[in-house]
Every structure is written in C-alpha cells, then in structure tokens.
Amino acid sequence: MPYFFEEQLPVNDTDFELSQETSKHLVQVLRMKEGAHFLMTNGKGKETEVELIIADKKKARVAFVKSTDHLVPDHETAIAISLLKNESRFEWFLEKATEIGVTSIYPLMCDRTERKHFRQERMNNIIISAMLQSRQVFCPKLFGPLSLDQLYSEVHFQHKFIAHCNNEFDRSELVSVREKKHSKIILIGPEGDFTPREIEGALNQHYLPVSLGNTRLRTETAGIASAVLLCM
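**Focus: the overall build of the protein**
- Scanning the protein for helices and strands turns up 7 helices and 13 strands.
- Based on the C-alpha atoms only, the size of the protein along its principal axes is roughly 65 × 35 × 30 Å.
- Per-residue burial over the protein gives 44% buried out of 232 residues.
- For the protein, contacts bridging at least 24 residues in sequence account for 74% of all contacts bridging at least 6.
- Split by element, the accessible area of the protein, about 12,300 Å² in all, is 47% carbon and sulfur.

In structure tokens, the structure reads:
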C-alpha cells in the first residue's frame, strides 16, 4: 500500500482530514478513489492503515482502520557532521543516513566549514521522504547547526567517536571499537578535516579518535561509512 507521513494520525472510530500536500498527492497524482486503503506514519513509531472516504485534492478525509505502535529503538545512533560547501552533497548524506537507520543528525559548524546557511525545512522534508521510501516508522531527529562546544555541552552519549585523517594522533579502526547495544555518536569534519585544536578538544571531551579505513573519504562518504558501521 502507498505510504504517507502525517504528524497527527486518526484514532479508533474517527475520520481525519489530511494535509493539503498529502491530499493533492493522493487524489491528483496517484488518482486514488474513495474506498482505497493506504498506510500513514507520524515518524514516531505509529503506523496506521486508513480508508479514503472523501477524495478531495485539497481536503481529503480518511477513516481509521487499524494501527500498530512500534517499539522505540533500544539505542541511539547519531552522526554529527559538518555542513558542506555543496549543499546537494549534504542532502544526499541526509537521505542515505535516514535509509540506513541513523536516529539523530547534528549539523556542525567547524573551523573549516565553508557553508553557513542551513535550510531546516527543506532538510527535514528530505529526511521524511527518505523515511517513507525506506518504509520506516521512526524519523531521524535533525537538529539545527551547532558548534563543537555547543555539542559537547548539550549532547551526551555513552560512546563517542571522532573520525579524522591527522596522522599525528593515534586512531583505532571504528569497525573494531564500535558498540552495538549503547547510544553512540561520531563526529565527521568538513572538507580539509578537523583542525588539530578541534581534535584535541574532542579528546579532552573523551571522544575516541577513529579511522574509517585506508582511503581518504569525502565528508558525506565518511558520514555514510560511519552510519553503516554503527547501525550494523
């Protein structure tokens, strides 16, 4: 069945008016008729089957059929990654990280970050689309851009990693030190990598320095490699 996102979902024995965007897609694009069934999620673990009862392209209405509440993942996997000069590459990262199953994404403003502008609404829409495409019921939390100091003071995880390419610092292979059952976060730097000052700051905050392999990766590729290794 087709799959849609709505922040508010109908409950037992009620009908419900869909957003204009969803109404238009259902009626005008998919040409669904009254009586058709489809699924919706609120991105917070609830999946609801509904029946289309009024096929209006601006104010479609649905009736509740049945609902399932999924358990919250027992551990959080977060990627804190620098904004990129090329916005489309950052959008690609958001899409793929969502498909893989990352639970939180923290855009970073680092010393060498070149891009300062962040379109939160557009980025959220990309994540929602990726969640629906991959048939998930939990939407990753996307936070506003943070400095590293803000991240250290506001964000707390059981296991903390920083991936960098500076050979002056010892590093472990992420694949050998990752933890599956605990909350975890990894820091990914911008084009040009983290500065030595930033690496030392992360070490002072008890972040474990790690390597993602023998080749040098683009920022967005490093983010995806980290997501795969931490979500496996």
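**Structural notes on a positive patch on the surface**
- Together, K24, K57, K58 and K59 make up a positively charged patch on the protein surface.
- With respect to the helices, strands and loops of the structure, K57 is situated in the loop between β4 (46-54) and β5 (61-69).
- Residue class for K57 comes out partly exposed when judged on its relative accessible area of 45%.

**Some remarks on helix α2 (residues 87-100)**
- Its 14 residues give α2 an end-to-end C-alpha distance of 20 Å, which sits within 8% of 20 Å, the value for a rise of 1.5 Å per residue.
- E87, F90, E91, F93, L94, A97 and T98 are the residues of α2 that are buried. For α2, the angular spread of buried residues about the axis comes to 155°, placing them on one side.
- Looking at the buried positions of α2, the neighbouring elements they touch are β6 (77-82), β7 (104-109), α3 (120-133), β8 (141-142) and α7 (219-231).
- G101 lies just past α2 and shows a positive phi near 120°.

**Notes on the sheet that holds β5**
- If you trace the 5 strands from one edge of the open sheet to the other, you get β1-β3-β4-β5-β2, paired in mixed fashion. Looking along the sheet, the strands with just one partner apiece sit at the ends: β1 (3-5) and β2 (15-17). Neighbour-to-neighbour, the strand axes of this sheet turn through a mean angle of 40°, independent of strand direction.
- Two strands pair when backbone bridges link them, and β1 and strand β3 (residues 37-41) are joined in this way by 3 bridges, in the parallel orientation.

**Thoughts on helix α1 (residues 20-29)**
- Burial in α1 covers these residues: T22, S23, L26 and V27. Across the axial projection of α1, the buried residues extend over an arc of 105°, all falling on one side. Structural note: α1 exposes Q20, E21 and V29 on the side pointing more than 90 degrees away from its buried face.
- Here the buried face of α1 lies against β1 and β3.
- Two residues or fewer after α1 comes R31, characterised by a positive phi angle close to 55°.

**A short note on the nonpolar core**
- Residues I79, F90, F93, L94, I105 and I186 are the most contacted members of the largest nonpolar core, which totals 26 residues.
- For this core, the secondary structure elements donating two or more residues are β6, α2, α3, β10 (159-163), β12 (184-188) and α7.
- The element contributing the most residues to this core is α7, with 5 residues.
- Apart from residues lying up to four places away in sequence, L94 is in contact with I105, M123, I126, I127 and L142.
- L146, L151, V155 and I162 belong to the second largest nonpolar core, which has 19 residues in total.

**As for the environment of A130**
- Note that A130 resides in helix α3.
- For A130, a relative accessible area of 3% translates into the label buried.
- Considering only alpha carbons, one finds A130 and E95, 35 residues apart in sequence, at a separation of 5.4 Å.
- When near neighbours in sequence (up to four residues on either side) are disregarded, A130 contacts E95, T98 and E99.

**Details of the packing of α2 against α3**
- Two numbers describe how α2 lies on α3: the axes approach to 8 Å, and their chain directions differ by 35°. α2 and α3 meet at a crossing whose hand is right-handed. Touching E87, F90, E91, L94, E95, T98 and E99 of α2 are R122, M123, I126, I127, A130, M131 and Q133, all from α3.
- A class-by-class count of the residues in the contact of α2 with α3 yields 7 nonpolar, 2 polar and 5 charged.

Quick notes on the rules
Residues numbered from 1 in each chain as written. Predicted model: local features only at pLDDT ≥ 70, side-chain atom pairs only at ≥ 80, totals over all residues. Heavy atoms only, no water. Helix = DSSP H or I, 4+ residues; strand = E, 2+ residues; numbered from the N terminus. Buried < 20%, exposed > 50% of the residue type's maximum accessible area, 1.4 Å probe, protein only. Contact = heavy atoms within 4.5 Å. Areas by Shrake-Rupley, 256 points an atom, 1.4 Å probe, with all protein chains shown as cover. Patch = residues over 30% accessible without salt bridge, like charges linked within 9 Å, V, L, I, M, F, W, Y side chains within 5 Å. Salt bridge = Lys/Arg side-chain N within 4 Å of Asp/Glu carboxyl O. Lys, Arg positive; Asp, Glu negative; His and termini not counted. Charge placed at Lys NZ, Arg CZ, Asp CG, Glu CD. Expected span 1.5 Å × (residues − 1). Arc of directions from axis to C-beta. Pairing = 2+ DSSP bridges. Axes fitted to C-alpha atoms, helices over the stretch in contact; angles between N-to-C directions. Core = buried A, V, L, I, M, F, W, Y, C linked by side-chain atoms within 4.5 Å. Left-handed = near helix turned anticlockwise from the far one by under 90°. Nonpolar A, V, L, I, M, F, W, Y, C, P; charged D, E, K, R; others polar.

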